[in-house]
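Okay, here's what each chain looks like letter by letter:
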There are 2 protein chains.
Amino acid sequence: MFNSQLEQAITSSDKTFIKLRYAIVEGEIAAGSKLSEAELSTKYTVSRAVIREAINRLESCHLVERKANVGARVVSLSPNGLVELYQIRESLEGMAARLAAKNMTSNEIEELNQLLESHANKVEQEGSYYQEAGDVDFHYRIILGCKNKQLISLLVDGIYHLVRMYRVQLGMSGPRITTAFDEHKHIVSAIQNRDEELAEMLMRRHIMYSKNNIANKLV
Amino acid sequence: MFNSQLEQAITSSDKTFIKLRYAIVEGEIAAGSKLSEAELSTKYTVSRAVIREAINRLESCHLVERKANVGARVVSLSPNGLVELYQIRESLEGMAARLAAKNMTSNEIEELNQLLESHANKVEQEGSYYQEAGDVDFHYRIILGCKNKQLISLLVDGIYHLVRMYRVQLGMSGPRITTAFDEHKHIVSAIQNRDEELAEMLMRRHIMYSKNNIANKLV
DNA sequence: TTTTACCAAGTTGTCGACAATCTAGTCTTA
DNA sequence: TAAGACTAGATTGTCGACAACTTGGTAAAA
């Protein structure tokens, strides 16, 4: 029992999958480019079987598209694809907020409030911090708070990496900092009041706004 | 160009994946049971690589769960899992209905009306037909009508097989036939009026009702 | 008796080689 | 010249074998 602290074994495929996912999300591997199994196999010094397994998993995250006997390509980003993605996010995270209002413990809600406070301080001091880590962290906690395992997996393992890919590669970090912060506060307060209807509605609006904000920049 | 009509090659892995998925959804392979690679490999007379690829894809449909160095098991069905699944369905299909109200062509809406009519006739004649094929067909068309490719893939390739697995294995086909039919009619009429808000709301209610109907039978 | 260490059988993970398929370029033919 | 068939090269799909790991049971030690 040497790795009992890990609780789950990490295979070579796992590591390669994570490396590739990172490279794609961060744009090190360009959107739309081809993923050659042989090439990647030499680059990461693993067998083609490992690469294939990693690519399969990337495909199930919708980060690459595979055609039989032809190969895999990184998905190409498009304004339309971004809109599609945010429609899904609006729907699923809205539901997550609704369920969070029902299922989060008082403790978790308290921690969420503390998170907002600490972010408020950082915004005062540094001015710009919020958008990146703060926003992700906030949404992440609400997603976990919904207590629906399948929904959590759908968002965390799947959609969020795609969202992040769009954010990184289309360079999104504009203003909207304080606005988004206020929206976050209202969402938490709805959750605290156990108002499921309102929590869902506010979360959907919040995501819609940030979609519009992004879409405007693209055009 | 012999298979130009197929438009996409079908590999051995594809076929095995589809066979396995069918076997799992229909309960031929019991929920919760282990999937031995060696065993399946001899049963379907393909190599272990093919089986592994098929199992990977089943995992990304959430039909099986895999642990490194241990193996894959078919997901086990639980009342809680069903509720979770229907919460996701409610959220995503609600959005699909909203988008369908915006994006379906008049032609598609006309065909949808014809579908309902033909079902109405069958219900009159045979009484019970509706639940199975009819319901699936109806939801399927609205999903396709939303024109959001990522949403379509999420529902058709992923969630719907899980829904069907629950339906088949927990034996759902009770009454609710005529009730569901009326709900369908109202949804179509909202889509026809291009009332996005109402279409989404009605679809969500429709799925909530059928969830409650099922959940009651389970307890 | 209980705990721990160890071993053996079986399962999954990884590898390199071969087979099947696609693609681009060349050549033939109308 | 343009359309189609063919070939060569490269890429992906499939296979069987070996390595690494897990698991259940046995035996030794407290």
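Residues numbered from 1 in each chain as written. Chains lettered and ligands numbered in written order. Predicted model: local features only at pLDDT ≥ 70, side-chain atom pairs only at ≥ 80, totals over all residues. Heavy atoms only, no water.

Caption draft 1: Main features of a nonpolar patch on the surface. All names here are of chain A. A grouping of Val136, Tyr140 and Leu144 is seen on the molecular surface, where their side chains present a nonpolar patch of about 230 Å² in accessible area. Structurally, Leu144 is set in helix H6 (residues 131-145). By relative accessible area, Leu144 is classed as partly exposed at 37%. (Patch = residues over 30% accessible without salt bridge, like charges linked within 9 Å, V, L, I, M, F, W, Y side chains within 5 Å. Areas by Shrake-Rupley, 256 points an atom, 1.4 Å probe, with all protein chains shown as cover. Salt bridge = Lys/Arg side-chain N within 4 Å of Asp/Glu carboxyl O. Helix = DSSP H or I, 4+ residues; strand = E, 2+ residues; numbered from the N terminus. Buried < 20%, exposed > 50% of the residue type's maximum accessible area, 1.4 Å probe, protein only.)

Caption draft 2: Up close: the protein's contact with DNA strand D. Residues in close proximity to DNA strand D total 20 residues, the closest being A:Arg48, A:Arg52, B:Ser12, B:Ser13 and B:Ser47. By atom count, sugar and phosphate contribute 71% of the portion of DNA strand D lying within 4 Å of the protein. Measuring from a phosphate oxygen of DNA strand D, one finds a backbone N or O atom of A:Asn69 at 3.3 Å. B:Asn69 places a polar side-chain atom, nitrogen or oxygen, 3.5 Å from a sugar or linking oxygen of DNA strand D. If one sorts the elements of the surface near DNA strand D by residue count, helix H3 (residues 48-60) of chain B sits on top with three residues. Looking at side-chain class alone, the surface near DNA strand D contains seven nonpolar, eight polar and five charged residues. (Near = heavy atom within 4 Å. Polar contact = N/O pair within 3.5 Å; in protein donor to acceptor, adjacent residues only side chain to side chain. Nonpolar A, V, L, I, M, F, W, Y, C, P; charged D, E, K, R; others polar.)

Caption draft 3: Fine view of the relation of the copies chain A and chain B. Superposing chain A onto chain B takes a rotation of 180° plus a shift of 0.0 Å along the axis, which leaves an RMSD of 0.0 Å. Considering both components of the superposition, the chain copies are consistent with a two-fold axis. Looking at chain A, 100% of its interface residues are interface residues in chain B too, so the copies touch through the same face. (Least-squares fit on C-alpha atoms with pLDDT ≥ 70 in both. Contact = heavy atoms within 4.5 Å.)

Caption draft 4: Molecular detail of the domain arrangement of chain A. Residues and elements named next belong to chain A. Each assigned domain of chain A is listed here: domain 1 (2-74) and domain 2 (79-218). Between the C-alpha centres of domain 1 and domain 2 the distance comes to 28 Å. Each side of the interface is counted separately: domain 1 has 10 residues, and domain 2 has eight residues. Summed over the shared surface of domain 1 and domain 2, the number is one salt bridge. Of the charged contacts, one joins Glu26 and Arg164 as a salt bridge, the two residues approaching to 2.9 Å between their closest N and O atoms. (Domains from an automatic or database assignment.)

Caption draft 5: Quick peek at the protein's contact with DNA strand C. For DNA strand C, the set of nearby residues contains 19 residues, the closest of which are A:Ser12, A:Ser13, A:Ser47, B:Arg48 and B:Arg52. The sugar-phosphate portion of DNA strand C accounts for 72% of its atoms within 4 Å of the protein, the bases making up the rest. Here a phosphate oxygen of DNA strand C and a side-chain polar atom of B:Lys34 are 2.9 Å apart. Between B:Arg48 and DNA strand C, the recorded distance is 2.8 Å, taken from a side-chain N or O atom to a base nitrogen. Secondary structure elements with two or more residues in the surface near DNA strand C: helix H1 (12-25) and helix H3 (48-60) of chain A together with strand E1 (34-35) and H3 of chain B. At three residues, the largest contribution of residues to the surface near DNA strand C is made by H3(A). Taken together, the residues of the surface near DNA strand C break down into seven nonpolar, seven polar and five charged.

Caption draft 6: Representation of the interface of chain A and chain B in the model. Counting residues at the interface gives 33 residues for chain A and 33 residues for chain B. Buried area between chain A and chain B, summed over both chains or domains, comes out near 2600 Å², and the portion from carbon and sulfur atoms is 50%. At the surface where chain A touches chain B, the tally comes to six salt bridges. Where A:Arg204 meets B:Glu200, a salt bridge forms, and the shortest distance between an N and an O atom there is 2.7 Å. Breaking the side of chain A that touches chain B down by element, the ones donating at least two residues are H3, helix H4 (79-103), helix H7 (149-169) and helix H9 (196-218) of chain A. For the side of chain A that touches chain B, the element with the most residues is H4(A), which contributes 11 residues. For the side of chain A that touches chain B, the residue count by class is 11 nonpolar, 11 polar and 11 charged. (Buried area = accessible area lost by both parts, 1.4 Å probe.)

Caption draft 7: Inspection of the UniProt feature "domain: HTH gntR-type" (unreviewed entry) in chain A at higher detail. Feature annotation in UniProt assigns "domain: HTH gntR-type" (unreviewed entry) to the following positions: residues 10-77 of chain A. Annotated as residues 10-77 of chain A, this span is 50% helix and 15% strand, and its ends, taken at the C-alpha atoms, are 31 Å apart. (UniProt positions renumbered as here; feature names shortened; annotations may be inferred.)

Caption draft 8: Geometry of the pairing of strand E2 (residues 64-67) of chain B. Note: E2(B) against strand E3 (residues 71-74) of chain B, four bridges, orientation antiparallel. For B:Arg66, the partnering residue across the bridge sits in E3(B) and is B:Ala72. (Pairing = 2+ DSSP bridges.)

Caption draft 9: How the structure looks around the pairing of E3(B). Residues and elements named next belong to chain B. Across the two faces of E3 the burial differs, with Ala72 and Val74 buried and Gly71 and Arg73 not buried at all. Both E1 and E3 contribute to a ladder of two bridges, which runs antiparallel. Residue pairing for E3: Lys34 is matched across the bridge by Arg73. The hairpin formed by E2 and E3 contains three residues between the paired strands, and Asn69 there has a positive phi angle of roughly 65°.

Caption draft 10: Region of the structure containing the state of the cysteines. Counting across every chain of the model gives zero disulfides over all chains. Here A:Cys146 is not disulfide-linked; the sulfur of A:Cys61 is the nearest cysteine sulfur, at 18 Å. Exposure remark for A:Cys146: the relative accessible area of 1% places this residue in the buried category. B:Cys61 forms no disulfide, and the closest cysteine sulfur to it belongs to A:Cys61, at a distance of 13 Å. Looking at B:Cys61, the relative accessible area reads 6%, which means it is buried. (Disulfide = S-S within 2.5 Å.)

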